[in-house]
Amino acid sequence: MLILCYAAIYLVTSLASKAQTQKHGITQANELVNLTEFFVNHIQPDLKSASVNEFPVLKADGIKYIMIFRNQVPKEQLLVSIPLLINHLQAESIVVHTYAAHALERLFTMRGTNNTTLITAAEMAPFVEVLLTNLFKALTLPGSSENEYIMKAIMRSFSLLQESIIPYIPSVITQLTQKLLAVSKNPSKPHFNHYMFESICLSIRITCKANPDAVGSFEEALFMVFTEILQNDVQEFIPYVFQVMSLLLEMHKNEIPSSYMALFPHLLQPVLWERTGNIPPLVRLLQAYLERGANTIASAAADKIPGLLGVFQKLIASKANDHQGFYLLNSIIEHMPPESVDQYRKQIFILLFQRLQNSKTTKFIKSFLVFINLYCIKYGALALQEIFDSIQPKMFGMVLEKIIIPEIQKVSGQVEKKICAVGITKILTECPPMMDTEYTKLWTPLLQALIGLFELPEDDTIPDEEHFIDIEDTPGYQTAFSQLAFAGKKEHDPVGQMVNNPRIHLAQSLHKLSTACPGRVPSMLSTSLNAEALQYLQGYLQAASVTLL
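Please read these numbers as outputs of a predicted model, since none were measured by experiment. (Residues numbered from 1 in each chain as written. Predicted model: local features only at pLDDT ≥ 70, side-chain atom pairs only at ≥ 80, totals over all residues. Heavy atoms only, no water.)

1. A short note on the overall build of the chain
Part 1 of the reasoning: Looking only at helices and strands, the chain features 28 helices and two strands.
Part 2 of the reasoning: Overall, the chain is about 95 × 55 × 45 Å in size when its C-alpha atoms are taken along their principal axes.
Part 3 of the reasoning: When the 549 residues of the chain are sorted by exposure, 51% land in the buried category.
Part 4 of the reasoning: On the chain, roughly 25,400 Å² of surface is accessible, and the fraction owed to carbon and sulfur atoms is 54%.
Part 5 of the reasoning: Across the chain, the centroid of the 43 positively charged side chains sits 2 Å from that of the 50 negatively charged ones. (Helix = DSSP H or I, 4+ residues; strand = E, 2+ residues; numbered from the N terminus. Buried < 20%, exposed > 50% of the residue type's maximum accessible area, 1.4 Å probe, protein only. Areas by Shrake-Rupley, 256 points an atom, 1.4 Å probe, with all protein chains shown as cover. Lys, Arg positive; Asp, Glu negative; His and termini not counted. Charge placed at Lys NZ, Arg CZ, Asp CG, Glu CD.)

Following this line, the structure appears as structure tokens:
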């Protein structure tokens, strides 16, 4: 009888399948086979039997049927199967409970109308407790202590259920922390480890969204394990730890807690920055320190500022990591009190010019343009002109003529373009030397370039020689960086509060300049600006309801 059941499932599966993908299961089925009827009459009864441990092969085949035909079986039947699958997470057979976890994870990713999940958190409400209980119990079954399918199902359950999991978080985070401590002794399952850290991030995000003060309880639960991982130099886990710490630190609204400040000097140690996998999460963590506690660093850890700039210097020397160096530098400029970095500013620009001279790449130019415009926004256009000309006379004009005007079209990213637009507007309208020195001849070409940034397509061309990436000297095996999806950082707009629409801001700034210098601005526009750019500019002025005097 059993053999006939196996044969029947095999035949139906084979005959019904016309097209299949790993992501979606069967995408085309044979219309001559009634898949729903077979599911109700033959698959469900087997999965409803009293014991989850009898006939494991039949149970595994039944669960596999659900997985394969999930897009052909009606939603109401899938909802009926969910408690059955949750029940089979307790099966002793590693194949059965793994299939059950994988089937649940696949069902939770299915999409319905409006690209929302087919199965909703409300429909899962009656099963939340038993689902979480059985998933974590399944990790204690023989052979499944590091079962990646179970951990992925935990992650996907958190993602689907959202705030429904909050009542269970104390128990869940304890179990995840214990598991993290256990596997950190000898990490051997990369996928399992990744989903485990994703689940931790989801726990933090979901709970702290509802109750921001809960961040302290997560730090209490996790920091002991994180300290052990860092002290034992568990290379596979360190990039993950930095990402979770960044997420936690970004949750704080006020000053940096003392526990983070105690760690700060250790994050600047050169040995950490030798590993390429550490660089992206470490930069993000240092950015979080600067965003949340620049004043604390300036007052209580001023002796560490040279170390911070040393990290920047190391990163911009590398073609692979120079953009990370600029992320760090931009955060220093944006958040640190001006007096704390005054003595280092000129040296920063000298280092950047040395790199420009020795090894100019498109990526570096784009990052450099964003940085100098952010600097201009923070310290003023006159300060930018003065620091350039203090390095070398007439350097400001050279940067405008050779870098900003010809290269600004290469800048990509909405926030990056906005920073450049606001910075260039300041150079045009708040820098007196642009109006009455030899730099005046660059005023109209700079305005033309800015209008081009607004209106022309991005210049994404890359010189031929840059298609061959240098292989940098990295010693032997390096742990790769794996981005945690649920530790993602929200895009930060440093000029968001100040400027909403950069085109309107340009029009208003030009109006203000023309009021201070009547007749000058219209004269320069009429003699040098091309007709198309002038037409766009007239549109900005009309939208801002201003005129040029």
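Here the narrative resumes.
2. Section: the nonpolar core
Part 1 of the reasoning: Core analysis: the biggest nonpolar cluster contains 191 residues, and F197, Y289 and W443 have the highest contact counts within it.
Part 2 of the reasoning: Not counting chain neighbours up to four residues away, the residues in contact with W443 comprise L428, M434, M435, L510, L513, V521, M524 and L525. (Core = buried A, V, L, I, M, F, W, Y, C linked by side-chain atoms within 4.5 Å. Contact = heavy atoms within 4.5 Å.)

3. Remarks on the packing of helix α3 (residues 56-68) against helix α5 (residues 94-109)
Part 1 of the reasoning: Between α3 and α5, whose axes approach to 9 Å, the crossing angle comes to 15 degrees. Taken together, the axes of α3 and α5 lie roughly parallel to each other. Every pair of crossing elements has a handedness; the one defined by α3 and α5 is left-handed. Contacts between α3 and α5 involve P56, K59, A60, I63, K64 and M67 from the former and V95, V96, Y99, A100, H102 and A103 from the latter.
Part 2 of the reasoning: Looking at the contact of α3 with α5, its residues break down into nine nonpolar, one polar and two charged. (Axes fitted to C-alpha atoms, helices over the stretch in contact; angles between N-to-C directions. Parallel < 35°, antiparallel > 145°, perpendicular 65-115°, else oblique. Left-handed = near helix turned anticlockwise from the far one by under 90°. Nonpolar A, V, L, I, M, F, W, Y, C, P; charged D, E, K, R; others polar.)

4. So, the pattern of salt bridges
Part 1 of the reasoning: The final tally for this structure, using the stated rule, is 18 salt bridges.
Part 2 of the reasoning: A salt bridge links E274 to K314; the nearest nitrogen and oxygen atoms lie 3.6 Å apart. Separated by 40 residues along the polypeptide, E274 in the loop between α14 (270-273) and α15 (279-300) and K314 in helix α16 (residues 305-316) bring together distant segments of the chain.
Part 3 of the reasoning: We classify E274 as partly exposed; its relative accessible area is 44%.
Part 4 of the reasoning: By relative accessible area, which is 39% here, K314 ends up partly exposed.
Part 5 of the reasoning: For D322, the salt bridge is made with K363, and the minimal N-O distance between the two is 2.5 Å. You can see D322 sitting in helix α17 (residues 322-335) and its partner K363 sitting in helix α20 (residues 362-379), a full 41 residues away along the chain. (Salt bridge = Lys/Arg side-chain N within 4 Å of Asp/Glu carboxyl O.)

5. Things to note about helix α26 (residues 502-516)
Part 1 of the reasoning: Taking 1.5 Å per residue as the helical rise, α26 with its 15 residues ought to reach 21 Å, and the 21 Å between its terminal C-alpha atoms agrees with that figure.
Part 2 of the reasoning: Burial in α26 covers these residues: P502, H505, L506, A507, S509, L510, L513 and S514.
Part 3 of the reasoning: Where α26 begins, the side chain of N501 points an oxygen toward the backbone nitrogen of R503, at a separation of 2.9 Å. (Expected span 1.5 Å × (residues − 1). Polar contact = N/O pair within 3.5 Å; in protein donor to acceptor, adjacent residues only side chain to side chain.)

6. Overview of unusual backbone geometry
Part 1 of the reasoning: Even without a glycine there, the phi angle at N115 is positive, about 60 degrees.
Part 2 of the reasoning: Mapped onto the elements, N115 comes out in the loop between α5 and α6 (121-124).
Part 3 of the reasoning: We classify N115 as exposed; its relative accessible area is 56%.

7. Focus: the packing of aromatic side chains
Centre-to-centre distance and the angle between the planes together describe a pair of aromatic rings.
Part 1 of the reasoning: The final tally for this structure, using the stated rule, is 20 aromatic pairs.
Part 2 of the reasoning: Residues F264 and Y289 carry aromatic rings whose centres are separated by 5.1 Å and whose planes lie at 45 degrees to one another, so their mutual orientation is tilted. With F264 in helix α13 (residues 258-267) and Y289 in helix α15, the pair connects residues that are 25 residues apart, well separated along the chain.
Part 3 of the reasoning: For F264, a relative accessible area of 1% puts it in the buried group.
Part 4 of the reasoning: The structure contains a cluster of three or more aromatic residues connected by ring pairs, namely F326, F349, F353, F364, F368, F371, Y375, Y379, F388, F396 and Y439.
Part 5 of the reasoning: Lying over the aromatic face of Y379, R345 brings its terminal NZ or CZ to 3.8 Å of the ring centre. (Phe/Tyr/Trp six-rings, centres within 6.5 Å; stacked < 30°, edge-to-face > 60°. Lys NZ or Arg CZ within 6 Å of the ring centre and 35° of its normal.)

8. Considerations on helix α27 (residues 520-528)
Structurally, the α-helix is built with 3.6 residues per turn, so residues lying three or four positions apart point the same way.
Part 1 of the reasoning: Residues of α27 that are buried: V521, M524 and L525. One side of α27 holds all its buried residues, which, seen down the axis, span an arc of 100 degrees. Exposed side chains of α27 directed beyond 90 degrees from the buried face belong to S526 and T527.
Part 2 of the reasoning: In this structure, the buried side of α27 is in contact with α24 (433-436), α25 (443-455), α26 and α28 (531-544). (Arc of directions from axis to C-beta.)

9. Let's talk about the packing of helix α19 (residues 345-358) against helix α21 (residues 381-391)
Part 1 of the reasoning: Where α19 meets α21, the closest approach of the two axes is 10 Å, and the angle between their N-to-C directions is 65 degrees. It follows that α19 is roughly perpendicular to α21 by the angle criterion. For α19 against α21, the interelement crossing comes out right-handed. Together, R345, K346, F349, I350 and F353 of α19 and L384, I387, F388, S390 and I391 of α21 make up the contact between the two elements.
Part 2 of the reasoning: Residue classes in the contact of α19 with α21 are distributed as seven nonpolar, one polar and two charged.

10. Re the side chain of H252
Part 1 of the reasoning: Residue position: H252 is located in the loop between α12 (238-251) and α13.
Part 2 of the reasoning: Each residue touching H252, except ones within four places of it in the same chain, is listed here: V215, E219, P257, Y260 and R292.

11. Some words on the side chain of E146
Part 1 of the reasoning: Relative to the assigned elements, E146 resides in the loop between α7 (128-138) and α8 (148-161).
Part 2 of the reasoning: Those residues in contact with E146 that sit more than four places away from it in its chain are V183, S188, K189 and F192.

12. Focus on the confidence of the model for the chain
Part 1 of the reasoning: Per-residue pLDDT for the chain averages 90, and the proportion of residues at 70 or more is 91%.
Part 2 of the reasoning: The element-level mean pLDDT for the chain is lowest in strand β1 (residues 17-21), coming to 47, with α7 highest at 98.
Part 3 of the reasoning: The low-confidence segment residues 14-20 (pLDDT under 50) makes 23 contacts with residues lying over four places distant or belonging to another chain. (pLDDT = per-residue confidence, 0-100.)

13. Things to note about the environment of P142
Part 1 of the reasoning: Tracing the backbone through its elements, the reader meets P142 in the loop between α7 and α8.
Part 2 of the reasoning: Judged by relative accessible area, P142 falls into the exposed class, the value being 67%.

14. Regarding the environment of G325
Part 1 of the reasoning: Topologically, G325 is positioned in helix α17.
Part 2 of the reasoning: In this structure G325 comes out as buried when scored by relative accessible area, which is 0%.
Part 3 of the reasoning: Each C-alpha atom of the pair G325 and V311 lies 7.5 Å from the other, and the pair is 14 residues apart in sequence.
Part 4 of the reasoning: In contact with G325, not counting residues within four places along its chain, are F312, L315 and I316.

15. A few points about the environment of S199
Part 1 of the reasoning: Relative to the helices and strands, S199 resides in helix α10 (residues 190-210).
Part 2 of the reasoning: Sequence separation between S199 and S159 is 40 residues; the distance between their C-alpha atoms is 8.5 Å.
Part 3 of the reasoning: The residues touching S199, leaving out its near neighbours within four places in the chain, are M151, I154, M155, F158 and L176.

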